[in-house]
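# Report on the structure
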Amino acid sequence: LKMSWFWLYLPLHLLMATCLCHSIKAPISSSQQSLKSNLFNFYHSLILADGKETTVHLLKDIPKRYYFALEEGRALAPFSITVTPCDVPIEWSILLYKPPPGKAAPGDHDTQEVSKSHKASSMVSTIFTYKGNSVETYMGMSSHSALYLLEFLSTERDTHITVYLTTDTTSGHLYPELPGDPRIDVIGIGPTTVTLAWKHSPSVLQHSEGIQYCLLVNEKHNYKSLCAAETAIRSSGMKLPPTVALSLSPYLLEPQQVMILSNSELSIINKGSSGEVRQVCMGTKNTYTVPNLSPSTQYYFDVFIVNLLTNASAAYTGTFARTLEEPEPKVTELKDGKVVHVVLDGKRQKFYSLQYQARHKKIHFTFQLCRGQIRVHITRNGKTVASENLSGLRYFSLKGKLLDTYSVQLRSTEESNSSVKVLASPHFHKPLFPLLPESLKIKSFSKLRTCRSVTIAWLGTQEESKYCVYRKKIEEDQIWRELQSADRCSGPESRHKSEKVLCKYFYDLNLQRAVTTETIKGLEAGTLYLFDVYLFGPSGIPVRYHSKVVRTRKKC
């Protein structure tokens, strides 16, 4: 205790220099009952930087202490301390130490020491205490003769926090400002969308450059800071690029992440075992419609105003909303032997239902995928009998009882338009659709290419059928659109007459030899061509092979 008194008489600037020691692993003191423990806390603390955000890592049940004091020569001055928990609730407090007015040297008698100890301990006081996981700011007035100690403690688990101390309250704020009413309003709800609005931050109105809004969407709960949200994402097994929501730098994403850039908005979708978390930064717009949500699902929405220059952020008051149930899709009755053409809008109508009542025990369903990606789900009297993604021409033969009710639900699995032809019948309508070969790919022979001709080949079947070949000259930037937008159910009637090359019949009972080739002549050198083959069955319904793009040689 006598050594402790020695430190009380050091000048403040020497005291600060001497206190740059390692933090200790001692139990936190619930009340400063003795001078010895108080001084021990000060002397074994780290100095807290002024005007800089400090990240503090806390071990469970082990306190960490920082101190600060004003520069020499300054009188009373305002200061503020902002603490942001990044995970679990923490305890933190501010202790104020003022040295005793007298500097009498310590004596050798116990009575003198006890008297001075009592006098000095009266100059140490706790001026603020907080426990929780909210972002909390303390504002006060500091004196050059005062020393402040900050104590932080986590009793749940290891965690980290950020601490920001400033004694300069006139040159602006590190953290963007929140409006007087920081609530997020839900102004529209649909089955797959929620529209949000919030009041502008004063920081956006004053400094629009480098300031923007970022939205976080998840199915678990709201977050009180962006720091807490990023910690939760990482702890759930999702890997997050550093400050990706803040800096918008082109970080490489992990396999469980999807980046979407649309209309100057950056979306990061993190997919993990605990659900999907979305981050969207939309500039300075204060309204946003969240798309592609699941029907009848509760979502939590948090908006953060972010300073991209300092990586500092402030959180609006989070909200939540439950999406509406998906409206019952229109049910179309299937009739024996009648083909139904279903078109699905991937953005508006993603589901379509068909119903069929069996008049025979054995039922056959035929699906011809025309465009896009569609998943089919078939139930019999409410029980699932088939479910898969469609590809080309697909047949289902099901056996049940008379008057069984079959329900067919078609769902688009992408946002672009999808379409499919559906047929239900008690008889296997092979004559309606042509018998298909093992593959619908068209092959071209590079060695047989010339400046004026291209040779292609395709597979046939054991059934004599009609095949028609069409060609179309295209540009390089048209390839993707032509291949993606092709309607595999459309026939040659949609093509220009000048694109027709020839029609031919062929078959072979030996499938190993059911291959035909054709050399298309009269082409232009160094030019891209799109080739299509149409297969016609007995009923005249066409099936289109997969388009093939080939470029003729430039020089021969």
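Given the structure is predicted, the values throughout are model-derived calculations rather than measurements. Chains are numbered independently. Their residues run from 1 in the order of the written sequence. Selection of residues for local features in this predicted model requires a pLDDT of at least 70, selection of side-chain atom pairs for listing and counting requires 80 or more, and totals for whole chains, interfaces and linings are taken over all residues. The basis for the side-chain values is all heavy atoms of the structure; hydrogens and waters are excluded.

### Let's talk about the overall build of the protein
The line we're drawing: A run of H or I in DSSP becomes a helix once it reaches four residues, and a run of E becomes a strand once it reaches two; helices and strands are each numbered from the N terminus. Relative accessibility decides the category of a residue: with a 1.4 Å probe and only protein chains considered, values under 20% of the type maximum give buried, values over 50% give exposed, and everything between is partly exposed. Whether two residues touch is decided by their heavy atoms; if any such pair falls within 4.5 Å, the residues are in contact. Each accessible area value is a Shrake-Rupley result obtained with a 1.4 Å probe; residue values ignore everything except the protein chains displayed when judging cover.
The helix and strand tally for the protein stands at eight helices and 36 strands. Burial statistics for the protein: of 556 residues in total, 44% are counted as buried. A fraction of 75% describes how many contacts in the protein between residues 6 or more apart in sequence connect residues 24 or more apart. In the structure as shown, the protein presents an accessible area of about 28900 Å², 52% of it carried by carbon and sulfur atoms.

### As for the sheet that holds strand 8 (residues 147-153)
Applied cut-off: The criterion for strand pairing is that DSSP finds at least two bridges linking the strands in question.
Ordered by their spatial adjacency, five strands build an open sheet running 1-3-8-5-6, and the pairing between neighbours is mixed. Strands with a single pairing partner mark the edges of an open sheet, and in this sheet they are strand 1 (46-47) and strand 6 (124-132). By the bridge criterion, seven bridges tie strand 5 (residues 90-97) to strand 8 in an arrangement that is antiparallel. Bridging from a neighbouring strand, Tyr97 pairs with Leu147 of strand 8.

### Description of the environment of Lys443
Following the sequence through the fold, Lys443 ends up in strand 29 (residues 443-444). Sequence spacing of Lys443 and Val549 is 106 residues, and the spatial spacing of their C-alpha atoms is 9.9 Å.

### What to know about the environment of Arg553
Note the following rule: For the purposes of these results, a polar contact is taken to be a pair of N or O atoms within 3.5 Å, where, inside protein, one atom must be able to donate a hydrogen and its partner to accept one; residues adjacent in sequence count only when each atom of the pair is a side-chain atom.
Inspection of the secondary structure assignment puts Arg553 in the segment after strand 36 (548-551). Sequence separation between Arg553 and Thr527 is 26 residues, and the spatial gap between their C-alpha atoms is 7.7 Å. Not counting residues up to four positions away in its chain, the partners in contact with Arg553 are Ser446, Lys447, Arg449, Thr450, Cys451, Ala525 and Gly526. Among the polar contacts made by the side chain of Arg553, one reaches the main-chain carbonyl oxygen of Arg449 at a distance of 2.9 Å.

### Considering a nonpolar patch on the surface
Definition in use: Exposure above 30% relative accessible area and the lack of any salt bridge qualify a residue for a patch; like charges then connect within 9 Å, and the nonpolar side chains Val, Leu, Ile, Met, Phe, Trp and Tyr within 5 Å. Any Lys or Arg side-chain nitrogen located within 4 Å of an Asp or Glu carboxyl oxygen qualifies as a salt bridge.
Residues Val186, Ile189 and Leu324 make up a contiguous nonpolar surface patch of about 220 Å² in total accessible area. Relative to the helices and strands, Leu324 resides in the loop between strand 19 (319-322) and strand 20 (331-333). With a relative accessible area of 43%, Leu324 lands in the partly exposed category.

### Some words on the pattern of salt bridges
As enumerated under the stated definition, the model contains 14 salt bridges in all. One salt bridge in this structure joins Arg551 and Glu476, with 2.6 Å as the shortest N-O distance. Of this pair, Arg551 sits in strand 36 while Glu476 sits in the loop between strand 31 (465-474) and helix 8 (479-485), placing them 75 residues apart in sequence. Residue class for Arg551 comes out partly exposed when judged on its relative accessible area of 32%. One salt bridge connects Asp532 with Arg544, and the closest N-O pair in it is separated by 3.0 Å. Of this pair, Asp532 sits in strand 34 (residues 528-536) while Arg544 sits in strand 35 (residues 542-544), placing them 12 residues apart in sequence. Comparing Asp532 with Arg544 shows no difference in burial state: the two are buried. Where salt bridges share partners, they join Arg495, Glu499, Asp532 and Arg544 into one cluster.

### Thoughts on the side chain of Arg544
Residue class for Arg544 comes out buried when judged on its relative accessible area of 10%. Within the local environment of Arg544, its side chain forms a polar contact with the backbone oxygen of Asp487, the two atoms lying 3.3 Å apart. Reaching out from Arg544, the side chain makes a polar contact with the side chain of Asp532 at a distance of 3.0 Å.

### What to know about the sheet that holds strand 16 (residues 287-290)
Note on sheets: strands pair through backbone hydrogen bonds, and any given pair is parallel or antiparallel. Using the following cut-off: Lines fitted to C-alpha atoms define the axes here, with helix axes fitted over just the stretch in contact, and angles between the N-to-C directions of these axes take values from 0 to 180 degrees.
Judged by pairing direction, the sheet is antiparallel, and its three strands sit side by side in the order 10-11-16 without closing on themselves. Each of the sheet's edge strands pairs with one partner strand only, and the pair in question is strand 10 (184-189) and strand 16. The mean angle between the axes of side-by-side strands here comes to 25°, regardless of whether they run parallel or antiparallel. Sheet topology places strand 10 next to strand 11 (residues 194-198); five bridges connect them, and they run antiparallel. From the neighbouring strand, Ile184 faces strand 11, where its bridge partner is Trp198.

### A closer look at the packing of aromatic side chains
How two aromatic rings sit relative to each other is set out by the distance from centre to centre and by the angle between their planes. What counts here: When two rings of Phe, Tyr or Trp (its six-membered ring) have centres within 6.5 Å they constitute a pair, described as stacked for plane angles under 30 degrees, edge-to-face for angles over 60, and tilted for the intermediate range.
What the rule picks out here adds up to 22 aromatic pairs. Considering the side-chain rings of Tyr300 and Phe320, the 5.8 Å spacing of their centres and the 45° angle between planes classify their relative orientation as tilted. One end of the pair, Tyr300, is in strand 17 (residues 298-307); the other, Phe320, is in strand 19, with 20 residues separating them in the sequence. A relative accessible area of 17% places Tyr300 in the buried class. Judged by relative accessible area, Phe320 falls into the partly exposed class, the value being 49%.

### Some remarks on the state of the cysteines
Rule in force here: We call a pair of cysteine sulfur atoms a disulfide whenever their separation is within 2.5 Å.
Taken as a whole and judged by the stated rule, the model has five disulfides. A sulfur-sulfur distance of 1.6 Å marks the disulfide that ties Cys86 to Cys227. Because the sign of the S-S torsion sets the handedness, a value of about 115° for the bond joining Cys86 and Cys227 places this disulfide among the right-handed ones. Of this pair, Cys86 sits in the loop between strand 4 (77-85) and strand 5 while Cys227 sits in helix 6 (residues 226-235), and the two are 141 residues apart along the sequence. The disulfide pattern of the protein is 1-3, 2-4, 5-8, 6-10, 7-9 when the bonded cysteines are numbered in sequence order.

### Quick word on the pairing of strand 30 (residues 454-459)
With respect to burial, strand 30 is a largely interior element, five of its six residues being buried. Two strands pair when backbone bridges link them, and strand 29 and strand 30 are joined in this way by two bridges, in the antiparallel orientation. Following the sheet pairing, Ser444 is matched in strand 30 by Ile456. Inspection of the sheet shows strand 30 paired to strand 33 (residues 515-520) by six bridges, in the antiparallel sense. If you follow Val454 over to strand 33, its bridge partner there is Ile520.

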